[in-house]
Each structure stands twice: as C-alpha cells, then as structure tokens.
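One letter stands for each residue in the lines below.
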Amino acid sequence: RIERKVEEYKYIPEALATYGKVHLSERQLGMMIGDVFVIRHDVNLHTEILDTPDFFWNEKEEKFEQDYKMVLGYLEMSGRTEILNKRLDMLRELL
C-alpha cells in the first residue's frame, strides 16, 4: 500500500519543480493526508507484530517466547517497520 501511495503522489514534487504549484483542493489534500495517516495507523497500531503475543504469558507456552523473538530478529521486523515509517514520513512531508 505504501508503494502504491508513493507512486500515486509522485507527481506532486514533479509538478512543483516544473510549474511551481500543484492544483489540489482542500478536500483532495485532506483525503491524501488521511490516507497516509490510515496507513501509518495500520503499520504502527493495528498490527501487533512487534508485541509479544498474549500466548506467551501462559506459563506452559513461555518457553516459546525466545523462539518468537529470534524469528522477529531474523525477519528484521523492527527494521522493516522503521523503513515503512520513514516512507510514510516522506509522504506526510510531501503533503
């Protein structure tokens, strides 16, 4: 979704560089900013990938928590989330 928005909004800096302005209504701009906020919400708040699931709070399953953390590290989830947030910051600054 982020890549789609980057592609969709890439005309903005190009238009600014070429014409010095971009023709967007307040409504269009508000909707674009809203799109970015929704995606950012989904990345940071809606997904619980970086939190340790409740499953591991059970004493019987606690032994698997270390494996879960190892998989998170292997998949570089916190780094991936950081990259997504940087892209979203770029979109937000653009608008």
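These lines cover the structure that appears in this document, whether it is placed above or below. Given the structure is predicted, the values throughout are model-derived calculations rather than measurements. Note on numbering: residues in each chain are counted from 1, in written sequence order. Only residues with pLDDT of at least 70 get local features here, since the model is predicted, and only at 80 or more are side-chain atom pairs given and counted; chain-wide, interface and lining totals rely on the full set of residues. Side-chain numbers come from the whole structure's heavy atoms, not from hydrogens or water.

Observations regarding the nonpolar core
Piece 1. Nine residue types can take part in a nonpolar core, namely buried Ala, Val, Leu, Ile, Met, Phe, Trp, Tyr and Cys, and a core is a set of them joined through side-chain atoms within 4.5 Å. For every residue, the accessible area (1.4 Å probe, protein chains only) is compared with the maximum for its type, and the residue is labelled buried under 20%, exposed over 50%, or partly exposed between those bounds. With nine residues, the main nonpolar core is built from I2, Y9, I12, M32, V36, I39, V43, L88 and L91.
Piece 2. Helix numbers and strand numbers start at the N terminus; a helix is a DSSP run of H or I with at least 4 residues, a strand a run of E with at least 2. Mapped onto this core, the elements with two or more residues apiece are α1 (2-9), α3 (26-46) and α5 (77-94).
Piece 3. Tallying contributions element by element places α3 first for this core, with four residues.
Piece 4. Discounting chain neighbours no more than four positions away, the residues touching L91 are I2, K5, V6, Y9 and V36. It only takes one pair of heavy atoms within 4.5 Å for two residues to be counted as in contact.

Quick notes on the pattern of salt bridges
Piece 1. Here, a salt bridge means any Lys or Arg side-chain nitrogen found within 4 Å of an Asp or Glu carboxyl oxygen. By the definition in use, this model includes eight salt bridges.
Piece 2. Between R87 and E3 there is a salt bridge; the shortest N-O distance is 2.2 Å. Taken together, the residues span a long stretch of sequence, with R87 in helix α5 and E3 in helix α1 at a distance of 84 residues.
Piece 3. Ionic pairing is found between K5 and E8, a salt bridge with its closest N-O pair at 3.3 Å. With K5 and E8 both in helix α1, this residue pair falls three residues apart, about one helical turn.
Piece 4. Overlapping salt bridges, with partners in common, bring together K5, E8 and D35 in one network.

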